[in-house]
Amino acid sequence: MPSLLELIDTYNCDDACRELLVDLRWPHGIACVRCGSTSVSALTTRTVFDCNDCSHQFSVTAGTIMHDTHLPLRKWFVAIYLMCESKKGVSAKQLERVLDVAYQTAWYLSHRIRKAMANNPLEGPTLVGVVEVDETLVGGKAKGKGHGYRGNKFWVAGAIQRDGQVRLEHVPNIKKGTLQGFIGRNVSPDAEAVYTDELRSYIGVGDTWEHHSVNHGCEQWVGGGVHTNSIEGVWSLFKRSLMGSFHKVSIKHIDRYLSELEWRFNNRDNPRIFIDTLRRIVTTGAMPYAELTADAA
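Residues numbered from 1 in each chain as written. Predicted model: local features only at pLDDT ≥ 70, side-chain atom pairs only at ≥ 80, totals over all residues. Heavy atoms only, no water.

S.K.: Can you tell me about the packing of aromatic side chains, naming the residues and giving the values?
M.R.: Evaluation of the coordinates by the stated rule reveals eight aromatic pairs. An aromatic cluster of at least three residues, connected via ring pairs, comprises Y11, F77, Y81 and F274. Its guanidinium or amino end placed over the ring of Y108, R112 lies 3.7 Å from that ring's centre, counting from NZ or CZ. Here the guanidinium or amino end of R268 rests over the ring plane of F265, the centre of that ring lying 4.2 Å away. (Phe/Tyr/Trp six-rings, centres within 6.5 Å; stacked < 30°, edge-to-face > 60°. Lys NZ or Arg CZ within 6 Å of the ring centre and 35° of its normal.)

S.K.: Can you lay out the nonpolar core for me, pointing to particular residues and giving the numbers?
M.R.: I80, I113 and L278 are the most contacted members of the largest nonpolar core, which totals 50 residues. Of all elements in the fold, only α2 (14–25), β2 (49–51), α3 (73–85), α4 (92–99), α5 (103–118) and α9 (273–281) reach the threshold of two or more residues within this core. Sorting elements by how many residues they give to this core places α3 first, with ten residues. When sequence neighbours within four positions are dropped, the list of residues in contact with I80 reads M66, I113, F274, T277, L278 and I281. If you look at the next biggest cluster of nonpolar residues, it comprises 19 residues, including V156, W235, L237 and L242. (Core = buried A, V, L, I, M, F, W, Y, C linked by side-chain atoms within 4.5 Å. Buried < 20%, exposed > 50% of the residue type's maximum accessible area, 1.4 Å probe, protein only. Helix = DSSP H or I, 4+ residues; strand = E, 2+ residues; numbered from the N terminus. Contact = heavy atoms within 4.5 Å.)

S.K.: Any chance you could break down α4 for me, citing the residues and the numbers?
M.R.: By the burial criterion, the buried members of α4 are A92, L95, E96 and L99. Each buried residue of α4 sits inside an arc of 105 degrees when the element is viewed along its axis, so together they form one side. Close packing links the buried residues of α4 with α3 and α5. Downstream of α4 by a residue or two, D100 has a phi angle that is positive, lying close to 60 degrees. (Arc of directions from axis to C-beta.)

S.K.: Summarise the sheet that holds strand β3 (residues 57–58); cite the residues concerned and give the values.
M.R.: Pairing in this open sheet of three strands is antiparallel, and the strands run β1-β2-β3 from one edge to the other. The two strands at the open ends of the sheet, each matched to only one other strand, are β1 (40–42) and β3. (Pairing = 2+ DSSP bridges.)

S.K.: For the environment of C13, give the residues involved together with the corresponding values.
M.R.: Relative to the helices and strands, C13 resides in the loop between α1 (4–10) and α2. Residue classification places C13 among the partly exposed residues on the basis of a relative accessible area of 33%.

S.K.: For the pattern of salt bridges, give the residues involved together with the corresponding values.
M.R.: Scanning the entire structure with this criterion turns up nine salt bridges. A salt bridge links D15 to R18; the nearest nitrogen and oxygen atoms lie 3.1 Å apart. Note that D15 and R18 are positioned in helix α2 at a spacing of three residues, about one turn of the helix. Salt-bridge contacts for R114 lead to E260; the nearest nitrogen and oxygen are separated by 2.6 Å. (Salt bridge = Lys/Arg side-chain N within 4 Å of Asp/Glu carboxyl O.)

Worth remembering: the numbers are spatial, not functional.
Dropping the structure here:
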């Protein structure tokens, strides 16, 4: 991935940004977003295209996450770069300061980028080899409540292939059916083994996979090669993000934050993560502000 200075030097105007987006959205030639025709003309007076077949006019950002944006494209590029590069994520307050925009603009911008990061997830159970599975409780303190209060907390399940990719999911509880359903959606039947802690909800995992566990309650953290240290490291990273960058995360938006972490972690060795994220930006449908702020179903 280029440095931030290289990015700013290369894409120092909206025309340069727009040219890259056109190449990413239409690698085989510009096509009308309404009828799909490739008989398209570029207008000289505005930065839009005109379809010669249906006369529809459209821009490179039409119908995408950037739809109807009034923010300069170079600011979008900087925001995307920072969210890809920062290991613990970037808060809307920080984007507000860096981009010199209103907080509401920065907040809406960051959630649209997170939605694009979540677009086109890998389908089916894809984790193979040795897979570690764990669950964690996420949420902040509640004023006036005791230490054990969980009314403002929620569960997240995670599975990670050793030296591979991670899958994260907000789950309603940690009952047997819930956690084993999560494992079934993400771990290939051909996986070598599944390692967990001693939670009783994992009883029965051995019916499908070779299953080993460590007893954290008895302070057993490693037993031979059996441990869940890799997924515990992901939880540590996520919770440091919550404490250091975001401070608090609503259960309504938790899926997008998990998708952001998952995308960034799974592309930790990808030098083209910025370009790959941009490609998702121009291939993900629009998310109107009213949709983002609507009450959860």
